[in-house]
Amino acid sequence: EKQMMERVVIYSRVSTKEQDTENQMKLLKEIVERNDNWNLVDVYIDNGISGSKGRDKRVQFDRLIKDMIRRKFDRILVWDVSRLGRSLQHLVEFLNEVNSIGCNLYIHQSGLDTSTPSGKMMFQMIGVFSEFEREMISERVKLGLEKVKSKGIKLGRRKTISDSSIVEMKELKGM
């Protein structure tokens, strides 16, 4: 029985004009060729763009995400996790998106392949850590609010209606 061909893409980025993606691309293309059931359908290259830049500045990364959402491929190959982003927050957001769409990710330098059991575990760990981060932020906000309230500072919008107006309205309403 012939296996379904898996549609794969390569994403590559270099931060400076002096660097080039040639070596990354050569190696990743060799990996695709070694896998008989992989079919390279597209290549996304951001040249001379820092990973700390937003998606709007990383045109090919933005196109990669849009194509992933449109399910134009099944697997993304990347040389190194640092190619995907410079901030942990952006990386976690990207990995969560990849996971929610059911796309696989192969990160060469880390030996991470999300189609394997250990790769799936990595996705789950990322989910655990991002949930933990959300909980920590929520806890800090609640503690901050309690601290402000304990000092007798009123929170929320200022009343734009006077207490006497409220009494008058209640009387009109017959309350």
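See the structure printed just above.
This structure is a prediction, so every number in the text was calculated from the model and none was measured. (Residues numbered from 1 in each chain as written. Predicted model: local features only at pLDDT ≥ 70, side-chain atom pairs only at ≥ 80, totals over all residues. Heavy atoms only, no water.)

Draft legend 1. Structural context of the environment of Ser 110. Its place among the elements puts Ser 110 in the loop between β4 (104-107) and β5 (112-113). The exposure class of Ser 110 is partly exposed, given its relative accessible area of 47%. Sequence separation between Ser 110 and Ile 49 is 61 residues; the distance between their C-alpha atoms is 22 Å. (Helix = DSSP H or I, 4+ residues; strand = E, 2+ residues; numbered from the N terminus. Buried < 20%, exposed > 50% of the residue type's maximum accessible area, 1.4 Å probe, protein only.)

Draft legend 2. Seen up close, helix α1 (residues 22-34). Look at α1: 18 Å from first C-alpha to last across 13 residues, which is about the 18 Å you get at 1.5 Å a residue. Within the span of α1, buried status applies to Gln 24, Met 25, Leu 28, Ile 31 and Val 32. Burial along α1 is one-sided: seen end-on, the buried residues are contained in an arc of 125°. Within α1, the exposed residues directed more than 90 degrees away from the buried face are Glu 22, Asn 23, Lys 26, Glu 33 and Arg 34. Structurally, α1 contributes buried residues whose contacts are with β1 (6-14), β2 (38-47), β3 (75-78) and β4. (Expected span 1.5 Å × (residues − 1). Arc of directions from axis to C-beta. Contact = heavy atoms within 4.5 Å.)

Draft legend 3. Summary view of the nonpolar core. Judged by nonpolar contacts, the single largest core of 23 residues is most densely connected at Leu 64, Ile 76, Leu 84, Phe 94 and Leu 105. Contributing elements (two or more residues each) for this core: β1, α2 (59-69), β3, α3 (88-101), β4 and α4 (117-150). Here the element with the most residues in this core is α3; it accounts for 6 residues. In contact with Leu 84, not counting residues within four places along its chain, are Tyr 11, Arg 58, Phe 61, Val 78, Leu 91, Phe 94, Leu 105 and Ile 107. One finds Met 25, Ile 31, Val 32 and Tyr 106 within the second-largest nonpolar core, a separate group that totals 9 residues. (Core = buried A, V, L, I, M, F, W, Y, C linked by side-chain atoms within 4.5 Å.)

Draft legend 4. Representation of the sheet that holds β3 within the structure. Reading across from one edge, β2-β1-β3-β4-β5 is the order of the 5 strands in this open sheet, with mixed pairing throughout. The sheet is open, and its two edges are formed by β2 and β5, each paired on a single side. Examined bridge by bridge, β1 and β2 share 9 bridges and lie parallel to one another. Bridge assignment links Val 9 to a residue of β2, and that residue is Asp 42. α2 contacts β1, β2 and β3 of the sheet and is inclined by roughly 145° relative to β2. (Pairing = 2+ DSSP bridges. Axes fitted to C-alpha atoms, helices over the stretch in contact; angles between N-to-C directions.)

Draft legend 5. Quick look at the pattern of salt bridges. This model, assessed by the stated rule, comprises 9 salt bridges. A salt bridge links Arg 63 to Asp 42; its shortest N-O distance comes to 2.9 Å. Within this pair, whereas Arg 63 is found in helix α2, its partner Asp 42 is found in strand β2, the two being separated by 21 residues in sequence. Note on Arg 63: relative accessible area 28%, which makes it partly exposed. Arg 70 serves as the salt-bridge partner of Asp 67, at 3.1 Å between the closest nitrogen and oxygen. Owing to a relative accessible area of 52%, Arg 70 belongs among the exposed residues under this scheme. Here the salt bridges do not stand alone but share partners, grouping Asp 42, Arg 63, Asp 67, Arg 70 and Lys 72 into one network. (Salt bridge = Lys/Arg side-chain N within 4 Å of Asp/Glu carboxyl O.)

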